[in-house]
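# Coordinates in review
For reference, the chains in residue letters:
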Amino acid sequence: MSAADTVPALIARHAEERPQALAVTDGTTVLTYRELADATERLATVLTARGIGPGSAVGLLCARSTRLVVAQLAVWRAGGHVVPLDPAYPRPRIAEMTEDAGVRLTLGDKALLAEAGLPEEQTLVLAERGADDDLEDVVAGAVGVGPAATALVLYTSGSTGRPKGVRIPHGAIVDLTTAPGGITLGPRDRVLFHSTVTFDASTFELWAPLARGAAVAVSPADRPTAEELAADVERFGVTTLVLTTALFHHLAARQSRIFGVLRTLIVGGEALSPDHAGAVLRAFPWLELVNGYGPTEGTTFTSLHRVDPADCTGPIPIGRPAGGARTLVLDEHLAPVRPGTVGELWIAGARIADGYLNRPELTAERFREVPGVGRAYRSGDLALERPDGVLEFHGRVDDQVKVRGFRIEPGEVEHALLQFPEIAEAAVVVRRPGLADAALTACVVPAEGTRPHADTLRARLAERLPAHLVPTSWTVLAALPLTTSGKVDRRALATDTDPDAGPAARDAELTPIQQAVADAWSRALGRPVTTPAADFLAEGGHSLLAMWVVDDLREDLGVELSLADFLGHPTVAAQADLLERSLRDADAQPQGAAR
Ligand code: ADP
C-alpha cells in the first residue's frame, strides 16, 4: 500500500477524474466530488492555522449533514484524527471522552457545542457546507497522512467502568472500503448515512461510497423512524443500506417496503434470525441480503455472508473473512482448534485497530502476536469454521452483551451503579422477552437501611451514561444468586421474569386516542399500559420500541409522530394530545391538500 492510499487521497483522485459526479447530499445541500474536495481543502487550511497537524485529536459534535463529511475529511487532510462525539451523550460522558482522547479542538454545530459546555476557544463552528465559501482557496499547510496514521478513535463500552477508545488507522479504513468482500459498490451506487458517527457502521456508510466514487445520501432526521428511513431510501434512490440486526428484525416483522427498493442490505451487530431473514428473502427474492460480522476493533466488517434462502433453516453463518481481514479459531493456548469444533475467534490482517488509546495493558491483553500470523485481536466471540471456510457464530466467552446493536460491558454499568451509596451489590444482564427485543436489566441489592427507587436510580445514571447503558428494567433483590462455583449466576438473573411487570393500576378512564396510544405501547412493551400518566421510559421503553409504537400509531390512526416528539412527550396523555392536534389539523386541510 502506498502512502497515497488513504480515503482523502482516493476522494481527491475521484475529484480529478469525475469532478461533477455527486459525492454527498442531504437533500438540501448537494456536493459534487470537486466541491467536496474544495470545501475539504479550505477547512483543512483553517485547521492547520489553528494548530491541527499529525497527532492532533479533533472532536466532532455535529448533526448528520454534508458539513460533517467535510469536517471529517478536513481533519484528515490537516493530518489529525477524528474523535466522533454523540450530541445525545450526557455532558460528563463527552468531557470524559474528550479528556481521554486529548481533544483540544472540537468542530461542530453552534448549539451542540454550547450545550456540551466546551470552552469557546476550543471549538470551531462549521458552516453549512462544511467550510466558509468566503475562505480563501489557500491549500498550503494541509499535509495529508499515510495509511499507518490514526484516522479515528471510536469509544466503546469498557468493563472496568471507563469507555475505551479504539484507534483505527487509515489503512484499515481503506481495506474496508476498497475491498468490501463481495459487496458491489460502483459509481452509480448510493449508500444511506443514517447511523450515529460514534457507531462503527458509519465508517462503512461514509467512506465505502466515497472511496469508490459512489454517493453518500445523508438521512437528515436525528433518529430516523422506520417510515423516515424508507422515505430516505426512496427519495435518494439508495441502493445499499446497513442496518443493525435489531432494526432489521423490526422492519422484517412488518415486511417494510424498504426491502422492495434496495439492491443490497448489510445487517450486522447480533445473531441474525433465520425466520426474519427467510421471510424477507421469500418476499423480496432479488434482495442481496448480507450478514456482516465484526467488532469495532476489526473496522466494521471482519466477515460477510451473502444469505441464501437455504441458510434460513438454522443459525445463519457469518461468512468468510472480507478483504484483507484474516480469521483464526484458536484454543486457549493460541493453537488452532480441531477442524469443525468451536473456539475463540481471533482477527488479524489489514483491518485490525492499533489498540486502545492510553490503555497499554488492555491493548496487550487483547492484541497479541500469534505465531505464524502476526498481530491479532482476540474478539471474545466463539466461532466454528466449516470445511468450506465459512464461519458460524457461537456466542461470547465473556459477559459482553448487545442491546439494540449497542455493545455493552455489564461491568461498566455495574461500576457506575456501585458508586451510589444505597447500592451494595449490582449485576446487569439482558432479558429477552422476544427474539426481536432485549432489555438491559439491573439487579441491585440495597445497602443496609436504604430503599433505592428504580426511577431515581435510572435518572441519576442517565446523567452520566449514554442512554443505551441505562437499564430499562430494574429488580431489587435481597441477595444476588450465586452459581455453585460462587460467581454471580447471570443466567438465572437473565431468565428471571420481572416482578414489577404486573399490570399497572388503572387510575383514570382513557379517551379513545389515549386508548389507541396505550394499546400501541402495550403491544411494544409486552405489558398492559392503562393510565394516561404512564411514562414510556419508566415503563421500560427505549428508542427502538418507540419506533415500533410510532409505526403502529401511523398505521392505526394515519398520523405520524416524529421520534423527537414521541420521546419529548413521554406520557400517554401528552402523546394523545399531540396526535389529536395533528388529526384536527389534517381534517382542517382543504380536500386534496391533506398529504
Ligand atoms: P458492531 O455492532 O458494529 O458489529 P461492535 O464492536 O459494537 O460492532 O460489536 C461487535 C460484537 O457484536 C461482535 O464481537 C459480536 O459479538 C457481535 N456481532 C457483530 N456482528 C454480528 C453478527 N453478524 N452475528 C452475531 N454477532 C455479531
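Right above here is the structure, for reference.
Residues numbered from 1 in each chain as written. Predicted model: local features only at pLDDT ≥ 70, side-chain atom pairs only at ≥ 80, totals over all residues. Heavy atoms only, no water.

## What about the packing of aromatic side chains?
This structure, assessed with the given rule, holds 10 aromatic pairs. When the ring of F536 is compared with that of F566, the centres are 4.9 Å apart and the planes differ by 90 degrees; the resulting orientation is edge-to-face. Of this pair, F536 sits in the loop between α16 (512–525) and α17 (543–557) while F566 sits in helix α18 (residues 563–568), placing them 30 residues apart in sequence. (Phe/Tyr/Trp six-rings, centres within 6.5 Å; stacked < 30°, edge-to-face > 60°. Helix = DSSP H or I, 4+ residues; strand = E, 2+ residues; numbered from the N terminus.)

## Concerning the nonpolar core
Counting residues in each nonpolar core, the largest one holds 60 residues, and the members touching the most others are L36, L47, W76, L107, W207 and L210. Examining the composition of this core, we find that nine residues originate from one element, helix α3 (residues 66–78), more than from any other. When residues no more than four places from it in sequence are discounted, the contact partners of L47 are I52, A74, V75, A78, L105, L107 and L124. Core analysis: the second largest hydrophobic core is formed by 32 residues, L192, L251, A252 and L265 among them. (Core = buried A, V, L, I, M, F, W, Y, C linked by side-chain atoms within 4.5 Å. Buried < 20%, exposed > 50% of the residue type's maximum accessible area, 1.4 Å probe, protein only. Contact = heavy atoms within 4.5 Å.)

## Topic: unusual backbone geometry
Most peptide bonds are trans, and most residues other than glycine sit at a negative phi. Backbone geometry places L334, a non-glycine residue, at a positive phi of 65 degrees. With respect to the element layout, L334 can be found in the loop between β16 (325–330) and β17 (342–349). According to the relative accessible area criterion, L334 is buried, its value standing at 18%. The backbone of N358 shows a phi angle near 55 degrees, a positive value even though the residue is not glycine. Along the chain, N358 falls in the loop between β18 (355–356) and α12 (360–366).

## Description of helix α13 (residues 410–417)
Taken across its eight residues, α13 has seven buried, putting it largely inside the fold. Turning to α13, its buried residues number three or more, namely P410, G411, E412, V413, E414, A416 and L417.

## Considering the site of the ligand
As a structural note, the neighbourhood of the ligand is formed by 18 residues, with D200, G294, D381, K402 and R407 the closest of them. Counting only elements with at least two residues in the shell around the ligand, the list comes to β13 (288–293) and β21 (391–396). Ranked by residue count, the leading element in the shell around the ligand is β13, at three residues. A per-class count over the shell around the ligand returns six nonpolar, six polar and six charged. (Near = heavy atom within 4 Å. Nonpolar A, V, L, I, M, F, W, Y, C, P; charged D, E, K, R; others polar.)

## Concerning the pairing of strand β10 (residues 215–218)
Strand residues, when the strand is regular, have side chains that alternate between the two faces of the sheet. Judged by which residues are buried, β10 turns out to be covered on both faces: A215 and A217 on one side and V216 and V218 on the other are all buried. Pairing of strand β1 (residues 22–25) with β10 involves two bridges; the strand directions are parallel. Residue T25 lies in a different strand from β10, and its bridge partner there is A217. (Pairing = 2+ DSSP bridges.)

## Things to note about the packing of helix α6 (residues 170–178) against helix α7 (residues 201–211)
Viewed as axis vectors pointing N to C, α6 and α7 meet at an angle of 70 degrees, and their least axial separation amounts to 8 Å. If you check the angle between α6 and α7, you find them roughly perpendicular. Across the interface between the two elements, I173, L176, T177 and T178 of α6 pack against T203, F204, W207, A208 and A211 of α7. (Axes fitted to C-alpha atoms, helices over the stretch in contact; angles between N-to-C directions. Parallel < 35°, antiparallel > 145°, perpendicular 65-115°, else oblique.)

## Looking at the pattern of salt bridges
For the structure shown, the criterion picks out 28 salt bridges. Here R378 makes a salt bridge to E344, at a shortest N to O gap of 3.1 Å. Of this pair, R378 sits in strand β20 (residues 374–385) while E344 is found in strand β17, placing the two residues 34 residues apart along the sequence. Accessibility classification places R378 together with E344 in one group, the buried group. One salt bridge in this structure joins D551 and R554, with 2.9 Å as the shortest N-O distance. Highlighted residues: D551 and R554, both in helix α17, separated by three residues, approximately one helical turn. You can call R554 partly exposed: its relative accessible area is 22%. (Salt bridge = Lys/Arg side-chain N within 4 Å of Asp/Glu carboxyl O.)

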